[in-house]
Amino acid sequence: MGDSQAMKKVIYYFSGTGNSLHAARLIADQLGDSKLISMRRPFCMERIEDAEMVGFVFPVYEFDAPQTVQDFIRELPVKSETYYFAIATYIAVHGKCFESIEAILKKKGACLSYARAVRYVASQCLVYPPFPPEKIMGPISERAIKFVAKEISLRKTKSCPHMSLLTKKLYPIVISPYMRLKPEYDTGFYVNEDCIHCGTCKRVCPCANIKLEGGKPAWLHHCESCNACGMTSAPS
């Protein structure tokens, strides 16, 4: 695997609506000599023995890193001497996302060297219109990511931001009820007669949560609510 032997920097990303992919691409451009790999199911565990720097870029769901991201890192071979960084895209509360990633790496004998949350446009497109407006938030997010990439390129360390006391108190009240309903996230998803049986929704789902039945999507109830499939819908 000549590619893997030459690899020096790897950035794993999870993205539904594109925020985290945008951030990962900007960081890769700034770092140079970087390979982007999606943390999508089924997992593709490429050998990274020679990577001197490994990053994880992901959105925040329910005050945490997506379950798919956490499962991916649990299965990923790691090395104690590698510089690991984690960048979370979010709008309001990063919650315990970095604590979760840090705990997984620590259990595997590695450590999280750098962690930072960057605000992006809220993009739960099936629930509400994106906000703040992209024209306002886009340049702010881009500047922040470029600053982060500069710090990472210098191999700076930044301790993992922990959940605030207020967020800890809010978690069982606000988030726990949603977590109990997680297997039902996709029960309301459907397609109408406008579906053209193209299978795009299945291909873009990063959680392998869609199968095709008679050419139409059927959801399998392990949804992350990432909205990737919803983004494939277009007005007629």
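The structure contained in this document is the topic of the report that follows.

About the cut-offs
- Residues numbered from 1 in each chain as written.
- Predicted model: local features only at pLDDT ≥ 70, side-chain atom pairs only at ≥ 80, totals over all residues.
- Heavy atoms only, no water.
- Helix = DSSP H or I, 4+ residues; strand = E, 2+ residues; numbered from the N terminus.
- Rg over C-alpha atoms; globule rule 2.2 N^0.38 Å.
- Buried < 20%, exposed > 50% of the residue type's maximum accessible area, 1.4 Å probe, protein only.
- Contact = heavy atoms within 4.5 Å.
- Areas by Shrake-Rupley, 256 points an atom, 1.4 Å probe, with all protein chains shown as cover.
- Lys, Arg positive; Asp, Glu negative; His and termini not counted.
- Charge placed at Lys NZ, Arg CZ, Asp CG, Glu CD.
- Patch = residues over 30% accessible without salt bridge, like charges linked within 9 Å, V, L, I, M, F, W, Y side chains within 5 Å.
- Salt bridge = Lys/Arg side-chain N within 4 Å of Asp/Glu carboxyl O.

### As for the overall build of the chain
Logical step 1: The helix and strand tally for the chain stands at 8 helices and 7 strands.
Logical step 2: Against the compact-globule benchmark of 18 Å for 236 residues, the chain has a radius of gyration of 18 Å, which places it among compact chains.
Logical step 3: Projected onto its principal axes, the C-alpha coordinates of the chain cover approximately 55 × 45 × 35 Å.
Logical step 4: Within the chain, buried positions represent 44% of all 236 residues.
Logical step 5: The contacts in the chain between residues at least 6 apart in sequence include a share of 77% that link residues at least 24 apart.
Logical step 6: As displayed, the chain has an accessible area near 12400 Å², and 55% of this comes from carbon and sulfur atoms.
Logical step 7: Each charge class in the chain can be summarised by its mean position, and for the 30 positive and 23 negative side chains these summaries are 5 Å apart.

### Observations regarding the environment of V57
Logical step 1: With respect to the helices and strands, the residue V57 is situated in strand β3 (residues 53-59).
Logical step 2: Sequence-distant contacts of V57, that is, excluding residues within four places in its chain, are made with I11, Y12, Y13, F14, S20, A23, A24, I27, M39 and I87.

### Digging into a nonpolar patch on the surface
Logical step 1: Among the surface-exposed residues, L166, L170, I173, V174 and Y178 lie close enough to one another that they form a single nonpolar patch of about 490 Å² accessible area.
Logical step 2: One can find I173 in helix α6 (residues 165-180).

### As for unusual backbone geometry
Logical step 1: In this model, R41 is joined to P42 through a cis peptide bond whose omega is -10°.
Logical step 2: Residue position: P42 is located in the loop between β2 (34-38) and β3.
Logical step 3: Residues other than glycine seldom take positive phi values, yet E62 does so here, at roughly 50°.
Logical step 4: As for its position among the elements, E62 is in the loop between β3 and α3 (67-75).
Logical step 5: Notably, A208 is not glycine yet its phi reads approximately 50°, a positive angle.
Logical step 6: Mapped onto the elements, A208 comes out in the loop between α7 (200-204) and β6 (210-213).
Logical step 7: When its relative accessible area of 36% is taken as the criterion, A208 is described as partly exposed.

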